[in-house]
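Spelled out, the chains give:
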Amino acid sequence: MKKFIESFVNVWKIEELKNKILITLGMLVVYRFGAQVTLPGIDATKLQNLSTQTDQGIGWLINVFTGGAFSQASVFALGIMPYISASIVVQLMGIAIPYLQKLQKDGESGRKKINQITRWLTIGITLLQGPGYIYNLYKQLPGDAFLLGFSSFSFLFSSVIILTTGTIFAMWLGEKITDKGIGNGISLLIMVGILARLPQAFIQEFSSRVSENNGGPMLIVIEVIIWLLIIIACILLTMAVRKIPVQYARRTTAGDFEQDAMGGNRQWIPLKLNASGVMPIIFAQAIMFIPAAVAGLSTSDAAQTITTSFQNIFGWQYNLVFALLIIIFTYFYTAITVPTNKMADDLKRSGGFIPGVKPGVETGDYLDKIMSLLTFPGSLFLALIAVFPAIAVSLIGVQQGWAMFYGGTSLLIMVGVAIDTIQQINSYLLNKHYDGLMKSGKNRKAVA
């Protein structure tokens, strides 16, 4: 603990790193403040029905990712999710559209153009989602909650514009955190929104166990231990890699046979157990909204059964389909994001090879086979973590709000973003001749 504190103090000795952390914290505070500002024209004291809608189920999921802004009818009610949706669409379109494929190969200039396309698509998605959110307000809130009138066009128009502006501003904050601060800005905004709901969920669970004599403090301790074990499992899933050994051909210069810097060095290619991150869960959750929405258009008994089953995110029907979709999307997303053929070509150009495997096509096939074998246990592990909240509710009887932090997208995002941010801080410390956060904090001697 003492070494960790010393390392933490060393962070503030680096002026550039200190400024980046302060900028990041300041922008996160601005985002959290905006999440509490209610849309103009809505009585903030009449939001009880909207809060009830987000107490559980799909509404709870949406509210978590917006940091409570959804239930507050906030100017940030749509949060950063339209930007995430736009990024996913652009990434998927890059598989089929030659123009986007060309931009992906154009380096920094291509990346800037793709970012600009993503921003415009974000605006379009927000303009579509905005009226849907306002319609939901019309359904959930009483008529006297609308200060400008229940069906006022001026309220509808101004609210859609404000919601769009709020999403654009949140997107700008995320990009500025990435450029001027520390960590990935968009991911940090999502993580802060998730963390904002954590204390309330734990307090409600604690109150339920203690006040209602439903297990008592000892069961709370057991739940926290299980939660910490799941966090450790998520860290292992995020960090686990298979190291493929690589041998670089020995190069010599004419005359003195002096070895090149890379001559004969053995290195390795890291293939991650979970190369797709949380994207399969996000894809699967997006698909899981469809059955209930389509069935809701019909009044038949079968349609009502489907609606009830797929709106209950803790039911076995929902989680069975959810787990299968996660496994499928893990294979799909890994296939499009891990270019094994390109890795083989790059390795061949640099004079490297995998021992026992011919360079070129055979290396690509070998890497693809290893990646497929890794993806299977990785997808099962990811699916298990994703459905663990439902398992916690069924076996332990925890409240649904607290159970959502037992796995799924929320926990994986928190773990992944925390690891990424710590790694960036570590790189600053190491560059300034300090040990990282997880090691001793003594000043290192600069190597001449």
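To keep things clear, this report deals only with the structure shown in the data block. Throughout this description, residue numbers start from 1 for each chain and increase along the sequence as written. Restriction of local features to residues with pLDDT of at least 70 applies here, the model being predicted, together with a cutoff of 80 or more for giving and counting side-chain atom pairs; totals for whole chains, interfaces and linings are based on all residues. To get the side-chain values, all heavy atoms of the structure are used, and hydrogens and water are removed first.

All right, on to unusual backbone geometry then. The phi angle at Ala-73 is positive, at roughly 50°, despite the residue not being glycine. Think of it this way: any DSSP run of H or I at least four residues long counts as a helix, any run of E at least two long counts as a strand, and we number them from the N terminus. Position of Ala-73 among the secondary structure elements: in the loop between helix 4 (57–65) and helix 5 (81–96). Here Ala-73 falls in the buried class, since its relative accessible area comes to 0%. Exposure is judged per residue with a 1.4 Å probe applied to protein chains only, and the accessible area is read against the type maximum: over 50% gives exposed, under 20% gives buried, and values in between give partly exposed.

Both site types are read off a 1 Å grid over the protein atoms alone. A 1.4 Å probe that fits but cannot get out defines a cavity, while an open set with protein on both sides within 12 Å along at least five of seven lines defines a pocket; lining residues have an atom within 4 Å of a point. Grid points are joined across faces, edges and corners, and a volume is the space filled by probe spheres set on the points. All chains considered together, the criterion is met by one cavity of 30 Å³ or more. Here the largest cavity is characterised by a volume of approximately 140 Å³. Every residue lining the largest cavity is counted, 16 residues in all, and those nearest its centre are Gln-285, Phe-322, Ala-386, Pro-389 and Met-404. Only helix 13 (316–337), helix 15 (361–395) and helix 17 (408–431) provide two or more residues apiece to the lining of the largest cavity. Counting residues per element, the lining of the largest cavity draws most heavily on helix 15, at four residues. Under the convention adopted here, Pro, Cys and the residues Ala, Val, Leu, Ile, Met, Phe, Trp and Tyr are nonpolar, Asp, Glu, Lys and Arg are charged, and Gly plus all remaining residues are polar. Partitioning the lining of the largest cavity into residue classes produces 10 nonpolar, six polar and no charged.

This part is about a nonpolar patch on the surface. Patch members must show over 30% relative accessible area and no salt bridge, and they are joined within 9 Å when carrying like charges or within 5 Å when they are nonpolar side chains of Val, Leu, Ile, Met, Phe, Trp or Tyr. The Shrake-Rupley method, run with a 1.4 Å probe, gives the accessible areas here. Residue values count only the displayed protein chains as cover. Salt bridges are identified by distance alone: a Lys or Arg side-chain nitrogen within 4 Å of an Asp or Glu carboxyl oxygen. A contiguous nonpolar patch, built from Met-218, Val-221, Ile-222, Ile-225, Leu-229, Ile-232 and Leu-236 and spanning about 680 Å² of accessible area, is present on the exposed surface. Mapped onto the secondary structure, Leu-229 falls in helix 10 (residues 216–239).

Here an axis means a line fitted to C-alpha atoms, over the contact stretch when the element is a helix, while the angle between two N-to-C directions is reported on a 0 to 180 degree scale. In the contact formed by helix 7 (residues 107–140) and helix 8 (residues 153–180), the axes pass within 9 Å of each other and the chain directions differ by 135°. Classified by the angle between their axes, helix 7 and helix 8 sit oblique to one another. As helix 7 runs across helix 8, the sense of the crossing is right-handed. Two secondary-structure elements touch here, helix 7 through Arg-119, Thr-122, Ile-123, Thr-126, Leu-127, Gly-130, Pro-131, Tyr-133, Ile-134 and Tyr-138 and helix 8 through Phe-155, Leu-156, Ser-159, Val-160, Leu-163, Thr-164, Thr-167, Ile-168, Met-171 and Glu-175. Each residue belonging to the contact of helix 7 with helix 8 can be placed in one class, and the counts come to 12 nonpolar, six polar and two charged. Comment on the angle field: the value is read as roughly parallel under 35 degrees, roughly antiparallel over 145, roughly perpendicular from 65 to 115, and oblique elsewhere. Each crossing is labelled by how the near helix is turned from the far one, with a counterclockwise turn of less than a right angle marking it left-handed and a clockwise turn marking it right-handed. It only takes one pair of heavy atoms within 4.5 Å for two residues to be counted as in contact.

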